[in-house]
Amino acid sequence: MDGLSIIRRFAGFVPLRRGTVVTMTGGTPTMNDKALGTRFHDLMEVVVRWLPFGLSRVVAPSLLGFALINGFTFGIDLLLLTAFRSGLGLPVPLAFTIAYVLAFGLSFVLNRALNFRSHAPVGPQAGLYAVAIAINYLAFILGVGSALTEIGLQYHLSRIVAGACEAAFMYSVMRWIIFRDSKN
């Protein structure tokens, strides 16, 4: 399949048609969630092929998909962090925690359906994901993020630094442990 035909297939990706159902229950996928994940993956393959400097040989489509999805959910995380810290005046650790849990829940759903296209039972994957985000949370969010804030770095910047650390950890865990059944 050439790049243009993949882009044409992807054109139906957004917006979803009225009545489209995307399930996250595992087992046999419905036509709509399978097509949605396939379209997303096809687009990531096309974009990876266009990467300069030989990067197309080392960047997996799932890495690009992870970067896009988690870049989006990280933006949501920062928005929520701002609302909880500056808007509601919550303490930094509590604001980090609430924003983190909400954003990572969204990340799990989007990565499972679109990026890794997993149809394994969701329960065990959610359990593994919970362990991974607990480790990630303690090491990077509270550890790095709160420590940097305590030494005087502005809380948004400390969250961005912690986010860079957690990205490498979470991609590795999602690709090789949580969604190891994926079609990548």
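Residues numbered from 1 in each chain as written. Predicted model: local features only at pLDDT ≥ 70, side-chain atom pairs only at ≥ 80, totals over all residues. Heavy atoms only, no water.

## Describing the side chain of Ser146
Argument step 1. Assignment of secondary structure puts Ser146 in helix α5 (residues 122-150).
Argument step 2. Looking at Ser146, the relative accessible area reads 15%, which means it is buried.
Argument step 3. With residues up to four places along the chain from it excluded, the contact list for Ser146 reads Pro93, Phe96 and Ile141. (Helix = DSSP H or I, 4+ residues; strand = E, 2+ residues; numbered from the N terminus. Buried < 20%, exposed > 50% of the residue type's maximum accessible area, 1.4 Å probe, protein only. Contact = heavy atoms within 4.5 Å.)

## Examining the UniProt feature "transmembrane region" (unreviewed entry) in the protein
Argument step 1. In the numbering used here, UniProt assigns the feature "transmembrane region" (unreviewed entry) to residues 63-84, 90-114, 126-148 and 160-178.
Argument step 2. In residues 90-114, helix accounts for 92% and strand for 0%; the two terminal C-alpha atoms are 33 Å from one another.
Argument step 3. Annotated as residues 126-148, this span is 100% helix and 0% strand, and its ends, taken at the C-alpha atoms, are 30 Å apart. (UniProt positions renumbered as here; feature names shortened; annotations may be inferred.)

## Points about the nonpolar core
Nonpolar side chains in soluble globular proteins tend to end up buried together.
Argument step 1. Counting residues in hydrophobic clusters, the biggest one holds 26 residues, and the most contacted among them are Leu81, Tyr129, Met170, Met174 and Ile178.
Argument step 2. Those elements that provide at least two residues to this core are α3 (61-87), α4 (92-115), α5 and α6 (155-178).
Argument step 3. Residue contributions to this core peak at 7 residues, all from α4.
Argument step 4. Of the domains in this structure, domain 1 (60-115) and domain 2 (152-183) are the two that each give at least three residues to this core.
Argument step 5. Apart from the residues lying within four places of it in its own chain, the contact partners of Met170 are Phe66, Phe104, Tyr129, Ala132, Ile133 and Asn136.
Argument step 6. Ranked by size, the runner-up nonpolar core spans 9 residues in total, among them Leu43, Val48, Val59 and Ile69. (Core = buried A, V, L, I, M, F, W, Y, C linked by side-chain atoms within 4.5 Å. Domains from an automatic or database assignment.)

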